[in-house]
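Below, each chain spelled out in residue letters.
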Amino acid sequence: MSLHILVTGGAGYIGSHVCVALLEGGYQVTVIDNFSNSHPEALERVAKLGGGAVTLIEADLADEGSIDFIRQQVAERPVHGAIHLAGLKAVGESVAKPALYYHTNINATLNLIEIMGAVGSNTIVFSSSATVYGEGNKNPLTEAAVSYAPTNPYGRTKYYNENILRDLYISNNDWRIANLRYFNPVGAHPSGLIGEDPQGTPNNLFPYIAQVAVGRREKLSVFGGDYPTRDGSGVRDYIHVQDLASGHVAALQFLHNQQEGCTADVNLGTGKGVSVFEAISAFERVSSRAIPFEVTARRPGDLAEVYADVTLARQLFDWEAKYDLEQMCADHWRWQMQNPSGYNG
Ligand SMILES: NC(=O)c1ccc[n+]([C@@H]2O[C@H](COP(=O)([O-])OP(=O)(O)OC[C@H]3O[C@@H](n4cnc5c(N)ncnc54)[C@H](O)[C@@H]3O)[C@@H](O)[C@H]2O)c1
C-alpha cells in the first residue's frame, strides 16, 4: 500500500517540487491550498511531472470555519503524515502586517494539528527557516546555535510554530515532528515546468536576478558592498529546490522509520556560502546575459554571512544536497525563459 501524504501549500514554489518528489517516490498526495500565492496550473504540471494525480482540497487552512470541511475531506482516506508548507513568507510584508502573519502562520499550524489529531495521524514535517537563528552565532550554523532571535514577525512565526510542534510532542510522545530549517531555496525543476512565480517585486535574490536577465527589470540592487566577507557582499547558503524536495522525503522516511515518536530540528542547506557577486557572475555565465547591478545601502537586520552546518541532516536523514551553483542558475534560468510571466503566460 502506498502511503498518503497531505501537503499544505503544495501548489507553491517549494510545495510543488515536494509533491513531484513524493509522487516519484510512490506516495499518494493530497494538497491543501487556497492559491493565495500560487496558481492551480502548478498542480496540473506537478501531476504531469510526477506521473500521478494530486487530490486538491481548496481551502484556507488558517480559517477556523474551514476546519470541518478539511477534516471531512481528509478523513475520506487514511493519511500517513503531513508536510506543512502553507503560510505567508514575505519578511517586509510581515513587518507591515504583523497581525496577518501571526494569524495566518500560527492558525494554519494549530488547525493542521487539530485535523491530524482528528484523523489519527501523528507525523508532521514543518517548513521552518534559518531565520529562526539570531545574531551572534558562528558559521557554519548548527541546530544548537547559541542565539535564537528572529528579527521580524515572519521569522517569529517560524520560531513559535517550531515551539508549538515541540510542545505537542512533549504533551504526547506519539507525535513525530521534523522542523526543517531551510537556508535559501533557489532553482527550479530541470524540466522548466515548475518554479518560483513571485507576485509583484521579488523579495529574494535569484528571482530578481532572473527578471533582470530576462529584461523585466532594469537592474539589481545589491544591499551592502562593505560587509566583512571575501568580496564585501552578503554570503548565503543557496540550496536547489530539488535538493530541498528530496530532503522532505528523506525527513518523512526518517520519521516513519522511528520506533517511537520524536522531534528533530534539522538544517537543510548545502553547507557552502555563496556571495551575491558570485551568484551574479554564475547567472551571467549560465544565461549569457549581463546583469546590471548597483550597490546600495545595507538592509537593516541583514547579516554578513549565513551558512549551514549540514552534519545532522546527513546523520539523521542520510541526505545531502547534490546540486551546485551552476545547476541552480541553469534551472532557474530555464524556468524563467520558458515562463517569462510565471504561470500566467
Ligand atoms: N522560499 C523561501 O525562501 C523559504 C525559506 C524558508 C522557509 N520557507 C517556508 O516554506 C514554505 C513554502 O514556501 P514557498 O517559497 O513555497 O512559498 P509559496 O508562497 O510559494 O507557497 C506557499 C503556499 O501556501 C499557500 N497558502 C498560503 N496561505 C495559505 C492558507 N492560509 N491556506 C492554504 N494555503 C495557503 C499559498 O497559496 C502557496 O501555494 C513557507 O512556509 C515558507 O515560509 C520558504
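As a starting point, this report considers the structure included with it. These numbers come from a predicted model, not from an experiment.

So, the site of the ligand
(1) Moving on: Around the ligand, the structure places 28 residues, and the nearest of them are Asp33, Asn37, Ser38, Lys89 and Tyr154.
(2) Moving on: Within the backbone of Gly12, an N or O atom sits 3.2 Å from an oxygen atom of the ligand.
(3) Moving on: Between the ligand and Asn34 there is a distance of 3.2 Å, counted from a nitrogen atom to a side-chain nitrogen or oxygen.
(4) Moving on: Relative to its free-state accessible area of 820 Å², the ligand is covered by the protein chains to the extent of 96%.
(5) Moving on: For the shell around the ligand, the elements supplying multiple residues, two or more each, are helix 1 (13-24), strand 5 (123-129) and helix 6 (153-171).

Here's the deal with helix 2 (residues 40-50)
(1) Moving on: Of the residues making up helix 2, those classed as buried are Ala42, Leu43, Arg45, Val46, Leu49 and Gly50. Take helix 2 and look down its axis: the buried residues cluster within an arc of 160°, on one side only. Exposed residues lying more than 90 degrees from the buried face of helix 2 are Glu44 and Lys48.
(2) Moving on: In this fold, the buried residues of helix 2 make contact with helix 1, strand 2 (28-33), strand 3 (54-58) and helix 11 (325-338).
(3) Moving on: One or two steps after helix 2, the chain reaches Gly51, where phi turns positive at roughly 70°.

A short note on the nonpolar core
(1) Moving on: Counting residues in each nonpolar core, the largest one holds 47 residues, and the members touching the most others are Leu22, Leu180 and Phe317.
(2) Moving on: The set of elements that each furnish at least two residues to this core consists of strand 1 (4-8), helix 1, strand 2, helix 2, strand 6 (176-182), helix 8 (241-257), strand 11 (262-268) and helix 10 (311-317).
(3) Moving on: Per-element tally for this core: the top contributor is helix 8, with nine residues.
(4) Moving on: Listed in part, the 23 residues of the second largest apolar core include Val186, Phe206, Tyr238 and Ala279.

Comments concerning the side chain of Ser16
(1) Moving on: Turning to its location among the elements, Ser16 is positioned in helix 1.
(2) Moving on: Exposure remark for Ser16: the relative accessible area of 0% places this residue in the buried category.
(3) Moving on: A distance of 2.8 Å separates a polar atom in the side chain of Ser16 from the backbone oxygen of Gly12.
(4) Moving on: Ignoring sequence-local partners within four residues, the contact set of Ser16 consists of Gly10, Ala11, Val46 and Ile194.

Parameters at a glance
- Residues numbered from 1 in each chain as written.
- Predicted model: local features only at pLDDT ≥ 70, side-chain atom pairs only at ≥ 80, totals over all residues.
- Heavy atoms only, no water.
- Near = heavy atom within 4 Å.
- Polar contact = N/O pair within 3.5 Å; in protein donor to acceptor, adjacent residues only side chain to side chain.
- Areas by Shrake-Rupley, 256 points an atom, 1.4 Å probe, with all protein chains shown as cover.
- Helix = DSSP H or I, 4+ residues; strand = E, 2+ residues; numbered from the N terminus.
- Buried < 20%, exposed > 50% of the residue type's maximum accessible area, 1.4 Å probe, protein only.
- Arc of directions from axis to C-beta.
- Contact = heavy atoms within 4.5 Å.
- Core = buried A, V, L, I, M, F, W, Y, C linked by side-chain atoms within 4.5 Å.

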